[in-house]
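Here are the chains, one letter per residue:
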Protein chains: 2
Amino acid sequence: MSDAVAEVTQVVLTFAECWNRHDMNAFAKLFAPDAEFVNVVGLWWKGREEIKKAHEFTHATMFKNSRLTISDVSVRFPVADIAIARARWVLEGHVSPEGSPLPVRHGILLNVLAKTPIGWSIIDSQNTDIIEGALSRPQ
Amino acid sequence: MSDAVAEVTQVVLTFAECWNRHDMNAFAKLFAPDAEFVNVVGLWWKGREEIKKAHEFTHATMFKNSRLTISDVSVRFPVADIAIARARWVLEGHVSPEGSPLPVRHGILLNVLAKTPIGWSIIDSQNTDIIEGALSRPQ
């Protein structure tokens, strides 16, 4: 594994570590100030502060005791200082808005990262749930 | 609008034009040979040929008479020759695997594009359905 692949992979794994500590200050620092993030239901957050506030809310409620496990991190470099990192994830321990336990969820997270003088920073994320056995959205 | 923004926006709009003509040869040409694509249910296609075959199948079946309308194209350039383009979309006229009409769908499509000597090429796409009124996936 090249140094650059290892560095980018570490950022993606740190995303899950911060999630699992529910440390949204550390989580937010993974993102560039003007980063954007689309979550699994198509909420489109613009800027690190919006990303942080949205995750603070969910980690005080439905994701309070959740655990995110990331695997199969795939990293590509279209140019030297930009990385496209895609990974599979499993989420456990989350609850409904009413507090009921929910089944394990699986998904795919895309992160686009840019190299800065102090390391790789996420500039864009988009997340998609995996719906098993479907070619497109069941309705 | 700068020339580069207009060029990238045109590629994103052409994605919908090819979709609506159900012309998967032209659709596939928007993508780089090693492009990747994650669709709304987390199917992860690797390479232009996989992307083409998957869309040929759905456009012979559930998307045969569907119409995709793209709006709110937002383009950013983390470096000069890479673009991050995000857009909202509406899909109408699609049917279930059994052929029954389905309700209108809304979503958000992310495309990462690279500038080549012959224009901008999509190197990565990830698509997410919008689920109204939810903070995360209802289950």
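Treat the numbers as computed from the prediction; the structure is a model and nothing was measured.

Parameters at a glance
- Positions within a chain are numbered from 1, following the residues in the order the chain's sequence is written.
- In the order they appear in the text, chains get letters beginning with A and ligands get numbers beginning with 1.
- Given that this is a predicted model, residues contribute local features only at a pLDDT of at least 70 and side-chain atom pairs are listed and counted only at 80 or more, while totals for whole chains, interfaces and linings are drawn from all residues.
- A run of H or I in DSSP becomes a helix once it reaches four residues, and a run of E becomes a strand once it reaches two; helices and strands are each numbered from the N terminus.
- Atoms counted for the radius of gyration: C-alpha only. Globule rule: 2.2 Å times residue count to the power 0.38.
- Three exposure classes are used. Buried residues have 20 or more other C-beta atoms within 10 Å of their own C-beta, exposed residues have 12 or fewer, and partly exposed residues fall in between, all C-beta atoms being placed from the backbone.
- Contact between two residues is assigned when their C-beta atoms, built from the backbone, lie within 7 Å.
- When DSSP finds two or more bridges between a pair of strands, those strands are recorded as paired.
- Convention adopted: a line fitted to C-alpha atoms gives each axis, helices being fitted over their contacting stretch, and angles between N-to-C directions are expressed from 0 to 180 degrees.
- Superposition of the copies used a least-squares fit over C-alpha atoms from residues whose pLDDT is at least 70 in both.
- We call Asp, Glu, Lys and Arg charged. Ala, Val, Leu, Ile, Met, Phe, Trp, Tyr, Cys and Pro are nonpolar, and the rest, Gly among them, are polar.
- Multiply 1.5 Å by the residue count of a helix minus one, and that product is the helix's expected span.
- What the arc covers is the set of directions going from the helix axis to the C-beta atoms.
- Only buried residues count toward a nonpolar core: Ala, Val, Leu, Ile, Met, Phe, Trp, Tyr and Cys, linked into one set through C-beta atoms within 7 Å.

Student: I'd like a description of the overall build of chain A, backed by residues and values.
Tutor: Within chain A, the regular secondary structure consists of three helices and six strands. Over its C-alpha trace chain A gives a radius of gyration of 15 Å, about what one expects of a compact globule, namely 14 Å for 139 residues. With the principal axes as the frame, chain A shows a C-alpha extent of 45 × 35 × 25 Å. Burial statistics for chain A: of 139 residues in total, 36% are counted as buried. Summarising the internal contacts of chain A: among those between residues at least 6 apart in sequence, 49% fall at separations of at least 24.

Student: Quick one: what's the story with the sheet that holds strand β6 (residues 119-129) of chain B, residue by residue and with numbers?
Tutor: Residues and elements named next belong to chain B. The six strands lie next to each other as β2-β1-β6-β5-β4-β3, forming an open sheet whose pairing is mixed. Single-partner strands in this sheet number two, and they are β2 (44-46) and β3 (67-79). Going from strand to strand, the sheet's axes swing by 15° on average, the running direction of each strand aside. Of the pairings in the sheet, the one linking strand β4 (residues 82-92) to strand β5 (residues 105-116) comprises 10 bridges and is antiparallel in character.

Student: Describe the relation of the copies chain A and chain B, and please don't skip the residues or the numbers.
Tutor: Screw-axis analysis of chain A against chain B gives a translation of 0.0 Å along the axis, an RMSD of 0.0 Å, and a rotation angle of 180°. Both copies of the chain, as the preceding transformation shows, are related through a two-fold rotation axis. Rotation axis and chain A: the residue whose C-alpha lies nearest the axis is threonine 128 of chain A, separated from it by 2.8 Å.

Student: Give a description of the interface of chain A and chain B that names residues and reports values.
Tutor: How large an interface is tends to be reported as the accessible area lost when its parts come together. Across the contact, 36 residues belong to chain A and 36 residues belong to chain B. Secondary-structure elements contributing two or more residues to the side of chain A that touches chain B are β1 (31-38), β3 (67-79), β4 (82-92), β5 (105-116) and β6 (119-129) of chain A. Partitioning the side of chain A that touches chain B into residue classes produces 20 nonpolar, nine polar and seven charged.

Student: Please provide a residue-by-residue account of the environment of valine 5 of chain A, values included.
Tutor: Residue and element names in this part refer to chain A. As for its placement among the helices and strands, valine 5 is situated in helix α1 (residues 3-21). Looking at valine 5, the number of C-beta atoms within 10 Å reads 16, which means it is partly exposed. The spacing of valine 5 and lysine 29 is 24 residues in sequence and 20 Å in space, taken between C-alpha atoms.

Student: Let's hear about helix α3 (residues 48-60) of chain B: which residues, and what values?
Tutor: All names here are of chain B. Between the first and last C-alpha of α3 there are 18 Å, a value that for 13 residues agrees with the 18 Å anticipated at 1.5 Å per step. Inspection of α3 places Arg48, Ile51 and His55 among the buried residues, and these make up the whole buried set. Along the axis of α3, the buried positions cluster into a sector of 65°, meaning they face one direction only. Turned more than 90 degrees away from the buried face of α3, the exposed residues are Glu49 and Ala60.

Student: Account for the sheet that holds β6 of chain A, naming residues and giving values.
Tutor: Whenever strands of a sheet pair, they do so through backbone hydrogen bonds, lying parallel or antiparallel. All names here are of chain A. The strand order across the open sheet formed by six strands is β2-β1-β6-β5-β4-β3, and the pairing between neighbours is mixed. Of all the strands in the sheet, just β2 (44-46) and β3 have a single pairing partner and so form its edges. Sheet twist, expressed as the mean angle between neighbouring strand axes with direction ignored, is 15°. α1 contacts β3, β4, β5 and β6 of the sheet and is inclined by roughly 150° relative to β3. Along the sheet, helix α3 (residues 48-60) makes contact with β1 and β2, crossing β1 at roughly 55°.

Student: Describe the pairing of β1 of chain A, with residues and values.
Tutor: Two faces, one strand: in a regular strand the side chains alternate between the faces of the sheet. Residues and elements named next belong to chain A. Taken together, the four bridges between β1 and β6 define a ladder with parallel strand orientation. Residue glutamate 36 lies in a different strand from β6, and its bridge partner there is aspartate 124. Hairpin remark: β1 followed by β2, antiparallel, with five residues in the connecting loop; positive phi at glycine 42, about 85°.

Student: Please give an account of the nonpolar core that cites residues and values.
Tutor: In a soluble, globular protein the nonpolar side chains are often hidden away together inside. With 62 residues, the main nonpolar core has Ala83, Ala85 and Leu113 of chain A together with Ala83, Ala85 and Leu113 of chain B as its most contacted residues. Each residue touching alanine 83 of chain B, except ones within four places of it in the same chain, is listed here: Val8, Val75, Phe77, Leu113 and Trp120 of chain B.

Student: An account of the environment of phenylalanine 57 of chain A is needed here, citing residue identities and associated values.
Tutor: Residue and element names in this part refer to chain A. Tracing the backbone shows phenylalanine 57 in helix α3. Given 13 C-beta atoms within a 10 Å radius, phenylalanine 57 is considered partly exposed. With 33 residues separating them along the chain, phenylalanine 57 and methionine 24 place their C-alpha atoms 9.8 Å apart.

Student: So what's going on with the pairing of β6 of chain A? Which residues, and what values?
Tutor: Residue and element names in this part refer to chain A. In terms of burial, β6 is largely enclosed, as nine of its 11 residues are buried. Two elements, β5 and β6, share 10 bridges in a ladder whose sense is antiparallel. Bridged to leucine 110 within β6 is glutamine 126. In this antiparallel pair of consecutive strands, β5 and β6, the connection spans two residues.

Interpretation note: all reported values are geometric properties and have no functional meaning in isolation.
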